[in-house]
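Structural description and commentary
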Amino acid sequence: MAATLIDGKAFAAKVRGQVAEHVTRLKEENGITPGLAVVLVGEDPASQVYVRSKGKQTVEVGMNSVEHKLDAETSEADLLAVVEQLNNDPAIHGILVQLPLPGHLDEDLIINSIAPEKDVDGFHISNVGLLGTGQKSMVPCTPLGCLMMLRDHHGSLSGMDAVVIGRSNIVGKPMAQLLLGDSCTVTIAHSRTKDLPDVVRRADIVVAAVGRPEMVPGDWIKEGATVIDVGINRIERDGKNKLVGDVDFASAAERAGAITPVPGGVGPMTIACLLANTVTACCRANNLPEPEGLTA
Ligand code: NAD
């Protein structure tokens, strides 16, 4: 393997350490404890695992964690009332409604009912607009984690050619906005892109966020490029269950300059950035200086 491994697990631990330090300072100097509320509707097993993990890590960095577990039949009005109560609670600085929601609930309506300054997922339409116009916003956690790793590896990203594969609202689009904000020349590729291999071969930075196991082979990667693999795909190989990314790691690592593994790359950064966003939201709510290096 020629490429440098970008270790997301170690990087996430460093981010959590920075968050914990800032939380200690907020408590000691300002008497404030940041609080994160997570709302889970229904019993989706994957969502339950995420919510448990988020709660555990929130407490580990010294913040207050509040969980609202509502049953799958919860009405839109009842869910909106829970969000409204959290919007008005001064002890809560971050609110996250775990997606996906059961089918009878309108996700856009619910997300847009969260106070934008507490929207630590960065999905509220106001935050999307602020990010798109280069203003201070809450930035979606997964792309924020990718940006932090890219900045850490390269220093400046200015003038680099970046290709983001995938145009979802959660990953692809905000990722492209962040790279543009750091003065990359950005291409967003998607399922209808013509000659994807050729588009990817031009990129100094490739961010793959598709959800198709190992769809990007090594021979699409420009020599020395940095590859950020957001994909999390569960496959069967040699009779075993395995997690793989959207990039064929073995062949891509032969050509890339640096690459994130799956697991242990982007994945751990997502919750670390959620905690970072919560401490940022708490500082903004109290007109205090924001922690450095934890925002876009
Ligand atoms: P999505 O399904 O919402 O979007 C996938 C995108 O890929 C679409 O925009 C589509 O146009 C594009 N696409 C589909 N087929 C394509 C093809 N053949 N060629 C090029 N583009 C194609 O998915 P998402 O929510 O953005 O997630 C993408 C992947 O990232 C998934 O594997 C998901 O599990 C993973 N993910 C990981 C994290 C994390 O690490 N914490 C967070 C979010 C998503």
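Residues numbered from 1 in each chain as written. Predicted model: local features only at pLDDT ≥ 70, side-chain atom pairs only at ≥ 80, totals over all residues. Heavy atoms only, no water.

1. As for the sheet that holds strand E3 (residues 64–70)
- Read from one edge to the other, the open sheet built from three strands follows the order E3-E2-E4, with strand pairing classed as parallel. Pairing within the sheet leaves two strands with one partner each, and these edge strands are E3 and strand E4 (94–97). Averaged over neighbouring strand pairs, the angle between their axes works out to 15° when direction is ignored.
- Two strands pair when backbone bridges link them, and strand E2 (residues 35–41) and E3 are joined in this way by seven bridges, in the parallel orientation. (Pairing = 2+ DSSP bridges. Helix = DSSP H or I, 4+ residues; strand = E, 2+ residues; numbered from the N terminus. Axes fitted to C-alpha atoms, helices over the stretch in contact; angles between N-to-C directions.)

2. Focus: the site of the ligand
- Taken together, the neighbourhood of the ligand is formed by 21 residues, with Arg167, Ser168, Gly211, Ile232 and Thr270 sitting nearest.
- A distance of 3.4 Å separates an oxygen atom of the ligand from a polar backbone atom of Val230.
- Note that a nitrogen atom of the ligand is positioned 2.7 Å from one of the side-chain N or O atoms of Thr270.
- Looking at the shell around the ligand residue by residue, the class counts come to nine nonpolar, ten polar and two charged. (Near = heavy atom within 4 Å. Polar contact = N/O pair within 3.5 Å; in protein donor to acceptor, adjacent residues only side chain to side chain. Nonpolar A, V, L, I, M, F, W, Y, C, P; charged D, E, K, R; others polar.)

3. Comments concerning the nonpolar core
- Within the largest apolar cluster, 55 residues are counted, with the highest numbers of intra-cluster contacts made by Val15, Val19 and Leu179.
- Those elements giving two or more residues to this core turn out to be helix H1 (8–30), E2, helix H6 (141–154), strand E5 (161–165), helix H7 (172–181), strand E7 (205–208) and helix H10 (267–285).
- The leading source of residues in this core is H10, at eleven residues.
- Per-domain counts for this core show at least three residues from each of domain 1 (30–121) and domain 2 (141–267).
- Those residues in contact with Val19, other than ones at most four positions away along the chain, are Val61, Leu275, Ala276, Val279 and Leu294.
- Counting residues in each nonpolar core, the second largest holds 20 residues, with Ala189, Ala225, Ala252 and Ala256 among its members. (Core = buried A, V, L, I, M, F, W, Y, C linked by side-chain atoms within 4.5 Å. Buried < 20%, exposed > 50% of the residue type's maximum accessible area, 1.4 Å probe, protein only. Domains from an automatic or database assignment. Contact = heavy atoms within 4.5 Å.)

4. So, the domain arrangement of the protein chain
- On domain assignment, one finds that the protein chain holds domain 1 (30–121) and domain 2 (141–267).
- Averaged C-alpha coordinates put domain 1 and domain 2 at centres separated by 29 Å.

5. Quick word on the sheet that holds strand E6 (residues 185–189)
- One open sheet holds the six strands; their spatial order is E1-E11-E8-E7-E5-E6, and the pairing between them is parallel. The open sheet is flanked by strand E1 (4–5) and E6, the only strands paired with a single partner.
- Where strand E8 (residues 226–229) and strand E11 (residues 258–259) come together, two bridges link them in parallel fashion. In the strand pairing of E11, Thr226 is matched with Ala258.
- Across the sheet, H6 touches E1, E7, E8 and E11, and the angle it forms with E8 is around 160°.
- Contacts from H7 reach E5, E6 and E7 within the one sheet, and its direction differs from that of E5 by about 170°.

6. Let's talk about the side chain of Asp246
- Here Asp246 shows up in the loop between strand E10 (240–244) and helix H9 (249–255).
- Despite its burial, Asp246 remains without a salt bridge, the nearest opposite charge being carried by Arg212 at 7.7 Å.
- Separated by 3.0 Å, the side chain of Asp246 and the backbone nitrogen of Gly211 make a polar contact.
- The contacts of Asp246, once residues within four sequence positions are left out, are Ala208, Ala209, Val210, Gly211, Arg212, Glu214, Met215, Val216, Asp229, Gly231 and Asn233. (Lys, Arg positive; Asp, Glu negative; His and termini not counted. Salt bridge = Lys/Arg side-chain N within 4 Å of Asp/Glu carboxyl O.)

7. A short note on the pattern of salt bridges
- Scanning all chains against the criterion turns up ten salt bridges.
- Notably, a salt bridge pairs Lys56 with Glu60, separated by 3.3 Å at the nearest N-O pair. Of this pair, Lys56 and Glu60 both sit in helix H2 (residues 45–60), four residues apart, roughly one helical turn. One exposure class covers both Lys56 and Glu60, and it is exposed.
- Ionic pairing is found between Asp182 and Arg151, a salt bridge with its closest N-O pair at 2.8 Å. Here the residue Asp182 occupies a position in the loop between H7 and E6, and Arg151 occupies one in helix H6, the gap between them amounting to 31 residues.
- The exposure class assigned to Asp182 is buried, which follows from its relative accessible area of 17%.
- Taken together, the shared-partner salt bridges connect Lys136, Arg284 and Glu290 into one network.

8. Things to note about the packing of H6 against H7
- Close contact between H6 and H7 brings their axes to 9 Å; oriented N to C, the two are set at 35°. Between H6 and H7 lies a crossing whose hand is right-handed. For the pair H6 and H7, contact is made by Pro143, Leu144, Cys146, Leu147 and Leu150 and by Pro174, Met175, Leu178 and Leu179, respectively.
- Broken down by class, the residue content of the contact of H6 with H7 amounts to nine nonpolar, no polar and no charged. (Left-handed = near helix turned anticlockwise from the far one by under 90°.)

9. Side note on H2
- With 16 residues, H2 extends 23 Å from end C-alpha to end C-alpha; this agrees with the ideal 22 Å at 1.5 Å per step.
- When we look at burial in H2, the residues that qualify are Ser47, Val51, Lys54, Gly55, Gln57 and Thr58.
- Each element contacted by the buried residues of H2 is listed here: H1, E2, E3, E4 and H10.
- Note on H2: the residue one or two positions beyond its end, Gly62, has a positive phi of about 95°. (Expected span 1.5 Å × (residues − 1).)

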